[in-house]
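Below, each chain spelled out in residue letters.
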Amino acid sequence: MTMDKQLVWVRDPTEGFVLARLHELMGEEADVFPVDNRHPRRVCNFDDIFPAGDPSKDVDDNCELMFLNEATLLNNILTRYKKSKIYTFVANILLAVNPYEDIPDMYSSTTIKKYQGRSLGELPPHVFAVADKSFRDMKALKQSQSIIVSGESGAGKTESTKYILKYLCDLWAKGAGPVEQKILDANPILEAFGNAKTTRNNNSSRFGKFMEVHFSNKYQVVGGHISHYLLEKSRICTQSAEERNYHVFYLLCAGAPQELRSALKITKPDDYLYLKNGCTQYFTSTQSEKKINASQKSKQQQAKAGLRDPILDDVEDFQRLHQALSRVGLSEAEKKSVYSVVAAVLHLGNVEFEEEGGARGGCRVSPESETALATAASLLGVDPGELRMALVSRLMQSSRGGIKGTAIMVPLKTYEASSARDALAKAVYSRLFDYIVRRINDSIPSSASAYYIGVLDIAGFEYFQMNSFEQFCINYCNEKLQQFFNERILKNEQELYRREGLNVPEIRFVDNQDCIDLIESKNHGIFHILDEESKLPKPDYGHFTNAVHKELSGNVASARLQVPRASRLKAHRTLRDHEGFLLRHFAGAVCYNTNQFIEKNNDALHASLEFLVQESNSGLVQQLFETVDNNNAKGKLNFISVGAKFQTQLSQLMDKLKENGTNFVRCIKPNSRMVGREIEGSLVLTQLQCSGTIAVLALMEHGFPSRAPFAELHNMYKAYLPAKLQTLTPKVFCQAIVHSFGLSDKDYKFGVTRVFFRPGKYSEFDTIMKSDPENLKAIVDSVLAWLVKSRWRRSIFSALSVIKLKNKILYRRQCLVTVQKAVRGYLVRRQHQPRYRGITKIKSLENNLKEMEAVIPQLKKEKENAKKNIENLRNSIRGACTTIKTNPKISRTDIDKLYTKLTKDVESQMAALQKAMMDQKNREEQERLRRIEAEMRAAEEAKQKEQERIKQEEEHRRLKAEMEARRKAEEAERLKLEEQDRIAAMKLQQQMEQAAKADQENRERLEQERRDHEMAVRLAKETNGHVEGSPPQLRSFPSMESMNGENKLNRSERVRMQQAMQGKQKHDLSKWKYSELRDTINTSCDIELLEACRHEFHRRLKVYHAWKAKNARKSTMAEQERAPQSIMDAAKTPRLPQKGDILGARHRYFRIPFVRPGGGAGGEGERRGWWYAHFDGQYVARQMELHPDKTPVLLQAGVDDMQMCELSLEETGLTRKRGAEILEHEFEREWTRHNGPSYVPPHSRMR
Ligand SMILES: Nc1ncnc2c1ncn2[C@@H]1O[C@H](COP(=O)(O)OP(=O)(O)OP(=O)(O)O)[C@@H](O)[C@H]1O
Ligand SMILES: [Mg+2]
């Protein structure tokens, strides 16, 4: 696909980026033609291609760039640099490129004045703008401020720091007098002792510092303070060939007056071991060169002449140092002591050792070095012998053999003695540096301080081919600063969004905390592992390195920590795993060689040297060592390592930075040749990456990185537009254009002072603006239309706003009424609600009363009383309601009291009712139980009765069976007797035939008697009298004959019976009257007589009835029959009189059916009834006739004899009648049912 030759930036290894035109897009790459012919055509990955915008245009703030990317950023910096504009902003971060030359008027007093009080962005970017912003922030926010100046060596940090201090002191230290000077003087002193020539910078600061300028309440400079970090000690003893030791050594050699040099025995750099391996040239100017005599010059100096640097001059600088030291309060003697210590370090360095060759294997000071030893000893104020001793041997305390704790001197080997010497030199020099800083701080007052502005000048991220402990510390420091930078910059950016009223969500950034943890973590960080290694009896860097890999490579940080083999650099890959580690910092991977880590981490002197210097004659030397922590005294296990000290210092610094407001200055080194007007794109790009500026750009992309103040946009584009649009105010102008372009709302935002664009959108806007005139005409039309629309909308909006306002007022009025209503309601409710509630509550008690009333009907007692009580309660309730109703001011408490009282009354009444109900229930329950008991008893009795009945029935059955048996026996007996009778009859036949004749003779006489008797009876009837006398004794024969004339046997038997009976009779009763017989029966106790009387009585009765029956046939009085016909018929058969009780039963009872003839004989009127008879002995005692529709006839012997059966039991034949005999109770039941009187036997009637 061929493109329209769009301008782009493509990545280039030397230039950083080169301008090119897109030729063709191919998958993930593109074919590009660089604009500059010197660069070849190439194919690049899209990641390495960035849109270019207008490459010739530069902006003060990189965020104003049309395209925001690393290429446009680099181009902007380079373009400006070429125009000597060394400063730019990325948001609030100042980027400062080292010009390596003086730019006219750049830092003059007029410029300082120009920047005073001006907001950031008002004037072109400048380090003064940052200084001024800090001052204004301090004043406005009443908060101390920090300016963090960072960058790699030679980038211009120290220079920038100096300009900031100058700016602050120039403007606000007037009248502070010496304070200002002292602050400014601190730099030459610190630089003399702490700076050195390196390959990267002639005046390289080999320490970090935080310089505070203190201000009073009135924001005047009143003091200052310097904190310093990590002086590079290794430089004191060795430097690379191109580099020098600290400036002060050369200042002494080149600039010190002759006398001083002689006193200190200072000659030329070549003469000193600590200088001669490095660069031995002085920094000179043509004038100062002349001031140095040949004896002071090294061979190099003589050969190549002096080094040139705009700000360095060893001869002049000594003077400056000397004066500055005086101004910070050092006396001449003190200064001399300081120089002496410096010189002593040089001489000490010249002390060399050789093997002693003895059995002890020690070493001695080589004879050539004796002078140096003596000079060093004298300059340090110690005894040369002791110094020698301390250098070649080591004091140790024995732990075995001899007396424990005895100090013994252990001889040292040559290399060990050299190390001891170097350690002493480093210790002396570093402590001297601390002393100098202390003296400067002491000279500047800081008591009246209210706020301060601190400037941090500390080395930026460092990486060399071989990196050691120093780089490790400085890169750790930079990781911390980077983390701080991320937090602060993003915060500021977001603050701007807030200030401008942009509603941008929070932007997050990549955290490097894991890398920091890897280094400083308390129990397993690299520093910790290093300290632990130092505490071992024989610390070994290999062991330490392995421990680092082992402990840290396995965890999440493994991506951060690797073995040297993993490096992309070939030089690193030669290192073995135990010789180093690769740490991926935010700026890139750095390979550390751990060879010197343990030694560099432990700056303690061994004891003999420590004691030696502490005992020095020189006051200064003593002072240097007295205040410092005596690591030796603490012992190996408790020593404080360099790393640990640095961590503490850094954490204190971070605390300060976090408390303060912060500003960032990122210094950039333009080229490695350290010359002006030359810029290496790739070098700058790397620094931008390392300083985190590129990362900030990336972060900016999430927000609105492109921004332009309204006025600027107006100026830029007004030329393209017609005059009528040019007159618009900048803001309306911008709004009109942006809106009429139809950009999406997401792509831009209007702030208070500027318009913000999403990445790339600004360029879209620009392209449209600059397109052909036709298009522009359309744009103008669109803008005009938008303006009309917007004005129309605005007027509509205004009208609507007024309406809205009116509605709002109405609404609020309505709301007000509602509020009033609510409040009034509330107040009234508050007053009366308790009354309403009280009444409701009290009325609700009536329900309880109703419940009680419902219960009352169930009560059996005291109903009325309860009703009355309830009525009383009801009245009380009504009374209470009336009280509340009539008294509007009644209080809630009174209502509650009323309610409580009523509730109590109701409850007590309720309780009383419940109790009454309960009692009643208990009573009923008891009654019920009692009833159940009675029922059970009754059931028991019924059961017993039933059992008795069954028993009785059993008894009756038994008796009936007995009766049947008796009847059968009697029947058998009767048959037997009949047989006997028949035989006897046959025998008597003859006798009877004989007697018949005699009978015939009497017949007439008997007939006569019968007629007489009939007449008597007829007369008795007519006269209501009774017949006296009885029919003749022998009258029975004719009657029997008449009844059954043909039965001869019966007749003969009857004769016989009569004769037998007569033979037996003791008493002759034939002459007794009927009444006499009746009385005897009723009163006599003579059984025999009684029985005889009964016989006689019944005989006569029989006769009477026979007579009566004979006559009755003629009458119709059939109902007067005394016994059923069957009995009467049975009686016609003659029977032998019973001899006593046949089977022992005196009382016998019988029942047979009895049909008393009705109107017609055998007719329908005949009703079936029962005839009952009770025989007491042979004769009937009671007799009963029962017919269904007739009154029962109950007859008793002795009362109703005339109507009763006159036959003897035997004669009736009842005993032989099957089923006729019944039990006594059966008879008695019927008898009593028909109200028959109870039976009294004849013999007991009198009693
Ligand atoms: N603003 C400036 N104008 C002119 N020259 C400058 C400026 N800044 C720096 N230089 C030159 O660059 C040199 C190095 O600057 P400086 O010492 O400040 O670097 P640095 O960042 O402190 O390096 P180091 O980390 O090594 O201390 C200075 O000696 C000076 O010659
Ligand atoms: Mg510096």
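Here the structure is shown first, and the text comes after it.
The structure reproduced in this document is the subject of the present report.

**Remarks on the pattern of salt bridges**
In step 1: Tallied over the full model, the rule gives 69 salt bridges.
In step 2: Asp514 serves as the salt-bridge partner of Arg560, at 3.1 Å between the closest nitrogen and oxygen. With Arg560 in the loop between α20 (541-552) and β18 (561-562) and Asp514 in helix α18 (residues 513-520), this residue pair connects regions lying 46 residues apart in the sequence.
In step 3: Judged by relative accessible area, which is 14%, Arg560 ranks as buried.
In step 4: Arg974 is the partner of Glu971 in a salt bridge, and the nearest nitrogen-oxygen pair spans 2.6 Å. In this pair, Glu971 and Arg974 both sit in helix α35 (residues 892-1023), three residues apart, roughly one turn of the helix.

**Quick notes on the pairing of strand β4 (residues 42-45)**
In step 1: Burial along β4 is one-sided: Arg42 and Cys44 are buried, and none of Val43 and Asn45, which face the opposite way, are.
In step 2: Relative to β4, strand β3 (residues 29-34) runs antiparallel, the two sharing four bridges. The residue of β4 that forms the bridge with Asp31 is Val43.

**Describing the site of ligand 1**
In step 1: Taken together, 19 residues sit near ligand 1, with Asn98, Ser153, Lys157, Thr158 and Ser204 positioned nearest.
In step 2: Within the side chain of Asn98, an N or O atom sits 2.6 Å from an oxygen atom of ligand 1.
In step 3: Isolated, ligand 1 exposes 610 Å² of accessible area, and the fraction of that covered by the protein chains is 96%.
In step 4: Of all the elements in the fold, those that place two or more residues in the shell around ligand 1 are α4 (157-172) and β10 (204-205).
In step 5: Residue contributions to the shell around ligand 1 peak at four residues, all from α4.
In step 6: The class makeup of the residues in the shell around ligand 1 is six nonpolar, nine polar and four charged.

**Some details on the pairing of β3**
In step 1: Bridging between strand β2 (residues 16-26) and β3 involves six bridges; their strand directions are antiparallel. Residue pairing in the sheet places Met26 in a bridge with Glu29 of β3.
In step 2: Where β2 folds back on β3, the antiparallel hairpin that results is connected by two residues, among which Gly27 adopts a positive phi of roughly 60°.

**Observations concerning the side chain of Glu500**
In step 1: By the element assignment, Glu500 lies in the loop between α17 (469-499) and α18.
In step 2: Overall, the relative accessible area of 7% leaves Glu500 in the buried class.
In step 3: At 2.5 Å, the side chain of Glu500 forms a polar contact with the side chain of Thr753.
In step 4: Leaving out residues up to four positions away in the same chain, Glu500 has contacts with Phe750, Gly751, Val752, Thr753, Arg754 and Phe756.

**A word on the sheet that holds strand β20 (residues 588-593)**
In step 1: The sheet built from three strands is open, its strands ordered β18-β19-β20 with antiparallel pairing. Each of the sheet's edge strands pairs with one partner strand only, and the pair in question is β18 and β20.
In step 2: Taken together, the two bridges between β18 and strand β19 (residues 580-585) define a ladder with antiparallel strand orientation. Among the inter-strand pairings, Leu561 is bridged to a residue of β19, identified as Leu583.
In step 3: Packing of α20 onto the sheet brings it into contact with β18 and β19, and relative to β19 it is tilted by some 45°.

**Section: the coordination of the magnesium ion (ligand 2)**
In step 1: Taken together, Thr158 (OG1) and Ser205 (OG) make up the protein donors of the magnesium ion (ligand 2), found 1.8 to 2.1 Å from the metal. Residue Thr158 is found in helix α4, and its partner Ser205 is found in strand β10; the two are separated by 47 residues along the sequence.

**A closer look at the sheet that holds strand β24 (residues 754-757)**
In step 1: Strands sit in the order β22-β24-β23 across an open sheet of three strands; the sheet is antiparallel. Every other strand in the sheet has two partners, leaving β22 (706-709) and β23 (748-750) as the edge strands with one partner each. Each adjacent strand pair in this sheet contributes to an overall mean axis angle of 15°, direction not counted.
In step 2: Strand direction decides the pairing type here: β23 and β24, joined by three bridges, are antiparallel.

**Observations concerning helix α24 (residues 619-626)**
In step 1: All buried positions along α24 are accounted for by Leu620, Val621, Leu624 and Phe625. One face of α24 carries all of its buried residues, which in axial projection span an arc of 125°.

**Some words on the packing of helix α14 (residues 370-380) against helix α15 (residues 384-392)**
In step 1: Look at α14 against α15: their axes get within 9 Å of each other, and the N-to-C directions meet at 110°. Classified by the angle between their axes, α14 and α15 sit roughly perpendicular to one another. Considering only the axes of α14 and α15, their crossing is right-handed. Taking contact as the criterion, the partners of Glu370, Leu373, Ala374, Ala376 and Ala377 in α14 are, on α15, Pro384, Leu387, Arg388 and Leu391.
In step 2: Of the residues that constitute the contact of α14 with α15, the class distribution is seven nonpolar, no polar and two charged.

**A closer look at the nonpolar core**
In step 1: Of all hydrophobic cores here, the largest spans 197 residues; its most connected members are Phe193, Phe249, Leu387, Leu432 and Phe581.
In step 2: The dominant element in this core, judged by the number of residues it contributes, is helix α16 (residues 414-443), at 13 residues.
In step 3: Residues Phe710, Tyr717, Val738 and Phe765 belong to the second largest nonpolar core, which totals 28 residues.

**Thoughts on the packing of aromatic side chains**
When we look at a pair of aromatic rings, we describe it by the centre distance and by the angle of the planes.
In step 1: Applying the stated rule across the entire model yields 38 aromatic pairs.
In step 2: Ring geometry for Tyr1149 versus Phe1227: centroids 5.3 Å apart, planes at 40°, classification tilted. Pair noted here: Tyr1149 is in strand β25 (residues 1147-1156) and Phe1227 is in helix α42 (residues 1224-1233), with a separation of 78 residues, a long-range link.
In step 3: A residue is classified by how much of its surface remains accessible, and Phe1227, at 0% relative accessible area, is buried.
In step 4: Put simply, the rings of Tyr107, Tyr115, Phe128, Phe135, Tyr163, Tyr167, Trp172, Phe215, Tyr219 and Tyr451 pair up and form one aromatic cluster.
In step 5: Stacked on the ring of Phe485, the Lys or Arg Arg666 has its end atom at 4.0 Å from the ring centre.

**Here we look at the packing of helix α5 (residues 178-194) against α16**
In step 1: Interhelical geometry of α5 versus α16 gives an angle of 175° and a closest axis separation of 10 Å. Classified by the interaxial angle, the pair formed by α5 and α16 is roughly antiparallel. Contact residues: Lys182, Ala186, Ile189, Leu190, Ala192, Phe193 and Gly194 in α5; Tyr429, Leu432, Phe433, Ile436, Val437, Ile440 and Ser443 in α16.
In step 2: Looking at the contact of α5 with α16 residue by residue, the classes come out as eleven nonpolar, two polar and one charged.

How each quantity is defined
Residues numbered from 1 in each chain as written. Chains lettered and ligands numbered in written order. Predicted model: local features only at pLDDT ≥ 70, side-chain atom pairs only at ≥ 80, totals over all residues. Heavy atoms only, no water. Salt bridge = Lys/Arg side-chain N within 4 Å of Asp/Glu carboxyl O. Helix = DSSP H or I, 4+ residues; strand = E, 2+ residues; numbered from the N terminus. Buried < 20%, exposed > 50% of the residue type's maximum accessible area, 1.4 Å probe, protein only. Pairing = 2+ DSSP bridges. Near = heavy atom within 4 Å. Polar contact = N/O pair within 3.5 Å; in protein donor to acceptor, adjacent residues only side chain to side chain. Areas by Shrake-Rupley, 256 points an atom, 1.4 Å probe, with all protein chains shown as cover. Nonpolar A, V, L, I, M, F, W, Y, C, P; charged D, E, K, R; others polar. Contact = heavy atoms within 4.5 Å. Axes fitted to C-alpha atoms, helices over the stretch in contact; angles between N-to-C directions. Donors = N, O, S within 2.8 Å, 3.2 Å for Na, K, Ca; no water. Arc of directions from axis to C-beta. Parallel < 35°, antiparallel > 145°, perpendicular 65-115°, else oblique. Left-handed = near helix turned anticlockwise from the far one by under 90°. Core = buried A, V, L, I, M, F, W, Y, C linked by side-chain atoms within 4.5 Å. Phe/Tyr/Trp six-rings, centres within 6.5 Å; stacked < 30°, edge-to-face > 60°. Lys NZ or Arg CZ within 6 Å of the ring centre and 35° of its normal.

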